Amino acid sequence: MNVTIETSWREQLKQEFSEDYFQNLTQFVKNEYRSHTCFPPGKLIFSAFNYTPFDKVKVVIIGQDPYHGMGQANGLCFSVNNGISHPPSLKNIFKEIETDLLIRYPTNGNLQRWATQGVLLLNTILTVRSREAGSHQNKGWEKFTDAVISNLSAKNENLVFLLWGGYAKKKGIKIDTKKHLVLKSGHPSPLSANRGYWFGNKCFSKTNSYLKKVGKQEISW
C-alpha cells in the first residue's frame, strides 16, 4: 500500500508510518486488494486526510468502516460517490440537517463539500472487503486512527468532535474535553434513529454555534 497522504498529515503521523504494526497493516492491505475486491479504491484510502489538511480541521466526524457495496465508498465516512443512491444512514443525516437547519435535502451524497470546509470525515477502519462489513477490523487501522484523534486533540484547540453511536463514543476517550466540544448522539442508522436516538439531536446547528463562538467560519452543511 502506497501511503500517498497530504503533507501536513504525513508530518503529524510519520511516527505511525514507521511502526511495526503499520508495516504489517500495509502488507495485509496489499494482499487483500491483490486477492479480493476491496473498497475504497486504493488511491482513495486516505481521501479524508487529503481533502482536509491537519491545520484546517474544524470538525471531526467519526465513522466505522467504509461502505462495502460496489461504487459507494470514496474514502470519506458516510459519503458516497456522485450518482450513487444514498445509504440509510446518510439519508438520516440529511433528514436531520433538513429539520435542524431548514436546508433542503440534497441530491448529491458526496460529502467532499464538507471535507474541503474543514470537516474530517474519518472512518476508524479505512478499508473493507466487498460485501463483508467489518472484514478489516483488528488489523491495525484502529491503532492508526487512535493516533489521528490523539494528535488532533493534543495539538489543536476548539475542535468539534461528533460521536454518533457506541463505536464512535469509545473512540472519544482520546479527546481532551476541556479543549474541544464533544457532541454525542445515537447513530444515524435506522436501527438507532427509529428508536429516537438520532433525530432531533441538532448536532449541526450546535456545531456551527460553537464555531461562531470561537471565531471560526461555520460549516455550510
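Before reading further, recall that the structure is shown in the block above.
About the criteria used
Residues numbered from 1 in each chain as written. Predicted model: local features only at pLDDT ≥ 70, side-chain atom pairs only at ≥ 80, totals over all residues. Heavy atoms only, no water. Helix = DSSP H or I, 4+ residues; strand = E, 2+ residues; numbered from the N terminus. Rg over C-alpha atoms; globule rule 2.2 N^0.38 Å. Buried < 20%, exposed > 50% of the residue type's maximum accessible area, 1.4 Å probe, protein only. Contact = heavy atoms within 4.5 Å. Areas by Shrake-Rupley, 256 points an atom, 1.4 Å probe, with all protein chains shown as cover. Lys, Arg positive; Asp, Glu negative; His and termini not counted. Charge placed at Lys NZ, Arg CZ, Asp CG, Glu CD. Salt bridge = Lys/Arg side-chain N within 4 Å of Asp/Glu carboxyl O. 1 Å grid on protein atoms, 1.4 Å probe; cavity = no way out; pocket = protein on both sides within 12 Å on 5 of 7 lines; lining within 4 Å. Points joined across faces, edges and corners; volume = space filled by probe spheres on them.

A look at the overall build of the protein
A tally of regular secondary structure across the protein gives 10 helices and six strands. Taking 17 Å as the expected radius of gyration for a compact globule of 221 residues, we find that the protein reaches 17 Å, a close match to that expectation. For the protein, the spread of C-alpha atoms along the principal axes amounts to about 45 × 35 × 25 Å. Residue burial in the protein is summarised as follows: out of 221 residues, 52% are buried. Sequence separation of at least 24 residues holds for 66% of the intrachain contacts in the protein that already meet a minimum separation of 6. Total accessible area on the protein stands at roughly 10,500 Å², and carbon and sulfur atoms take up 48% of it. If you average the places of the 29 positive and of the 17 negative side-chain charges in the protein, the two averages end up 4 Å apart.

Some points on the pattern of salt bridges
All told, the structure shown has four salt bridges when counted by the stated rule. The shortest N-O distance in the salt bridge between Glu 32 and Arg 129 comes to 2.6 Å. Here Arg 129 lies in strand β4 (residues 128-129) and Glu 32 lies in helix α3 (residues 20-35), a separation of 97 residues in the sequence. Note on Glu 32: relative accessible area 7%, which makes it buried. Between Arg 129 and Glu 132 there is a salt bridge whose closest N-O contact spans 3.6 Å. Residue Arg 129 is classed as partly exposed on the basis of its relative accessible area, which comes to 22%. The exposure class assigned to Glu 132 is partly exposed, which follows from its relative accessible area of 37%.

A look at the layout of surface pockets
Quantified by volume, the largest pocket comes out at close to 470 Å³. In this structure, the largest pocket is lined by 31 residues; those nearest its centre are Gln 64, Asp 65, Phe 78, Asn 123 and His 187. At the level of secondary structure, the elements contributing two or more residues to the lining of the largest pocket comprise β2 (59-63), β3 (119-123) and α8 (165-171). At four residues, the largest contribution of residues to the lining of the largest pocket is made by α8.

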